[in-house]
Amino acid sequence: MHAIQLDDVVKEYQSHGEVVQAVKGVTLEIAEGEFFSLLGPSGCGKTTTMRMIAGFEEPSRGVVKLLGKDVTNVPPNKRDVNMVFQSYALFPHMNVWDNVAFGLKQRGVAQAEIRQRVTEMLEIVDLTGREKRRPREMSGGQQQRVALARALVNRPRALLLDEPLGALDLKLRQAMQIELKRIQREVGITFVYVTHDQNEALTMSDRIAVMNDGLVEQLAGPREIYERPATQFVAGFIGTSNLLAGTAAAGVLPIGGGRVLVPGQDGDVSVTVRPEKITIDTAEPNGQVSAVPGTVAEVVYLGTYNSYAVALADGAEVTVFQQNAHDSTTTAERGDSVWLSWQPQHSYVIGS
Amino acid sequence: MKGRLTPYLLALPSWLWLGIFLVVPLAAMASVSTTTGNNIDGFVQTFAFSNYTDALSRYSTQLARSFAYGAMATVAMLVIGYPVAYFIAFKGGARKSTYLFLLLLPFFVSFVLRTISWGFLLADDGILLGTLKGWGLLPAGFHVLATTFSVVAGLTYNWLPFMILPIYVALERVDPRVIEAAQDLYATRLAAFRRVVLPLSLPGVFAGVLMTFVPATADPVNAQILGGTSNTMIGNVIQTEYLTNLAYPSASALSFTLMAVLLVGIFIYAKALGTENVLEAAANR
């Protein structure tokens, strides 16, 4: 059975007399125990989608199911899901213990069991000994863990996380990503994670739904999303990507004096190539590869790799990453004429 | 050196202001309160502390009544004001500032004038009661003016904004997501209010009660205009003693007594229900 099912869910708002669709029909199924991410830029509808799962927003149309049960019109306090809010939304007048125990008290769980479960949960999030602290006396990372404990202690069917790491600095965020993944494995609860940070989504998720303008553009595992973006939007949003477009004939797309191999394609096509898949060379390559000539417009040293911006004859610019695996010398300098080449399987033909 | 003195220098005008217009008159009044004599022969300092006991025994009824009226009005303001503050803070939306403006609008008309208008409204044959009686909706003998009700109602009306504003400020600061978090953690709307919104608004309630109870207790205007002879408050007594009877020592002694009782009351109230304590109690309920 699916932990969460959304069936053609639509959310409309009235704004200045006009109907605005924040979510335009989202259908997805989230398996039990899955780490599922809703990824997209701000305003793409990901938070609204999550709030409909939590029960804070009622869908204008469509059905929300939790464990096969229709909960579309069930209020949040009667849903077996819990949420970790973006700014944690801890109760400022309660200490850590009372914050974490809140849900259990509301459900009328027996005192002894509350004591045991809260103790256990504080241990999991490494906050033992800080029960009497107030939220404002704690660091962002600690507050984050209180928020997590407050939700998880109820053993919900699914945990919803709304950009929970957004307020933390980079180092702490990376540490918490690993921490979150560990906790999820430990408790085995379905996690639905809303983020605009592609790295976060790629690092933690089993599956990702990339959202744009109220619709799911692609729903797949991290590797697939990265390697085979389904749409131009996904290609552009996830990582850096080069887009080459033109008219192909007999499986070859001519680009600026070169060729891109697109087996089986004819007519107008768009192709994406990841910058790290491209080899930069001064000589024209041989063999069954895509090869395009160009002029180096910029070279940027980025530590673990060099980034080249190469201008093609047709005016397009291609980004190329070159690993600094052996030495940090660059193959070409600004103004040099170069050849870019890549294996045919790294050209990915996408829909518009 | 200059840098360290700057804050004190900046505070100097307010210290001077308070010194000249508060401390000096208070000291003068304290001194007058223990004098004996009369208006014609002059008052002589005799350290007559009996002025206090005399004034108290003579006017204990009015003093007690003042506190009772003040307390009743404060409770009424809380009951009426809290929902108003809640409505403006959470349901006000884009009209918040309009509502706040409407709340303060009565202040554009003088306090005394507004109270006199209430007098007209509540008069036995006035606009309101007269009309209702004319329609036969009220018995002819029904009257409101010069009762406890009319005085407390007047006090409630006049100080209500001072109850609403601090509560509004406290509610306004409550993050709506905290309320959502409570609902997400299985709290019904009522439970979310009781366990989260109400405790978080208590500092505002605390401030509101202070800001209304003290002036309502000491107020002479409402009792004078809306009350009768049996509704006299301590403020009226002090006013009469000062301005009509010219009994300065007795009036000063009463003023100080009122002030002392209010200060002690506030101190106990703050000690017992200080912000931290209130929050702690609410959280551990």
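Residues numbered from 1 in each chain as written. Chains lettered and ligands numbered in written order. Predicted model: local features only at pLDDT ≥ 70, side-chain atom pairs only at ≥ 80, totals over all residues.

Give me the overall build of chain A: which residues, what numbers.
Assigned secondary structure in chain A consists of eight helices and 20 strands. Put simply, chain A has 352 residues, and 41% of those count as buried. Sequence-distant contacts in chain A: of pairs separated by 6 or more residues, those separated by 24 or more amount to 65%. (Helix = DSSP H or I, 4+ residues; strand = E, 2+ residues; numbered from the N terminus. Buried ≥ 20, exposed ≤ 12 C-beta atoms within 10 Å, placed from the backbone. Contact = placed C-beta atoms within 7 Å.)

How would you sum up the UniProt feature "domain: ABC transmembrane type-1" (unreviewed entry) in chain B? Please name residues and give values.
Annotation from UniProt places "domain: ABC transmembrane type-1" (unreviewed entry) at residues 63–269 of chain B. Summarising residues 63–269 of chain B: 78% helix, 0% strand, and an end-to-end C-alpha distance of 19 Å. (UniProt positions renumbered as here; feature names shortened; annotations may be inferred.)

I'd like a rundown of the sheet that holds strand β14 (residues 267–273) of chain A, residues and numbers included.
Residue and element names in this part refer to chain A. Read across the sheet, three strands follow the order β11-β14-β20 without closing on themselves; strand pairing throughout is antiparallel. Looking at the sheet topology across the chains shown, the edges are occupied by β11 (242–248) and β20 (348–350). For this sheet, the mean inter-axis angle between neighbouring strands, taken without regard to orientation, is 40°. Here seven bridges tie β11 to β14, and the two strands are oriented antiparallel to one another. (Pairing = 2+ DSSP bridges. Axes fitted to C-alpha atoms, helices over the stretch in contact; angles between N-to-C directions.)

Give me the interface of chain B and chain A: which residues, what numbers.
Listed as interface residues are 18 residues of chain B and, on the opposing side, 18 residues of chain A. Of all the secondary-structure elements, those providing two or more residues to the side of chain B that touches chain A are α7 (176–184), α8 (189–218) and α12 (275–284) of chain B. Residue contributions to the side of chain B that touches chain A peak at six residues, all from α7(B).

Which residues make up the packing of helix α2 (residues 96–106) of chain A against helix α3 (residues 111–124) of chain A, and what values go with them?
Residues and elements named next belong to chain A. One way to put it is that α2 packs onto α3 with a least axis distance of 10 Å and a crossing angle of 130°. What the angle tells us is that α2 and α3 run oblique. Between α2 and α3 lies a crossing whose hand is right-handed. The segment α2 lies against α3, with Trp97, Val100, Ala101, Leu104 and Lys105 engaging Ile114, Arg117, Val118, Met121 and Leu122. (Parallel < 35°, antiparallel > 145°, perpendicular 65-115°, else oblique. Left-handed = near helix turned anticlockwise from the far one by under 90°.)

Now, about unusual backbone geometry: what can you tell me, with residues and values included?
With the exception of glycine, most residues fall at negative phi, and the peptide bonds are largely trans. Phi at Glu163(A) is positive, roughly 40°, even though this residue is not glycine. With respect to the element layout, Glu163(A) can be found in the loop between β7 (158–162) and α5 (170–187). Among the residues examined, Glu163(A) registers 20 C-beta atoms within 10 Å and is labelled buried. Positive phi outside glycine occurs at Phe47(B), with the angle close to 50°. As for its position among the elements, Phe47(B) is in the loop between β2 (42–45) and α2 (50–91). C-beta crowding within 10 Å serves as the criterion here: with 10 such atoms nearby, Phe47(B) is assigned to the exposed category.

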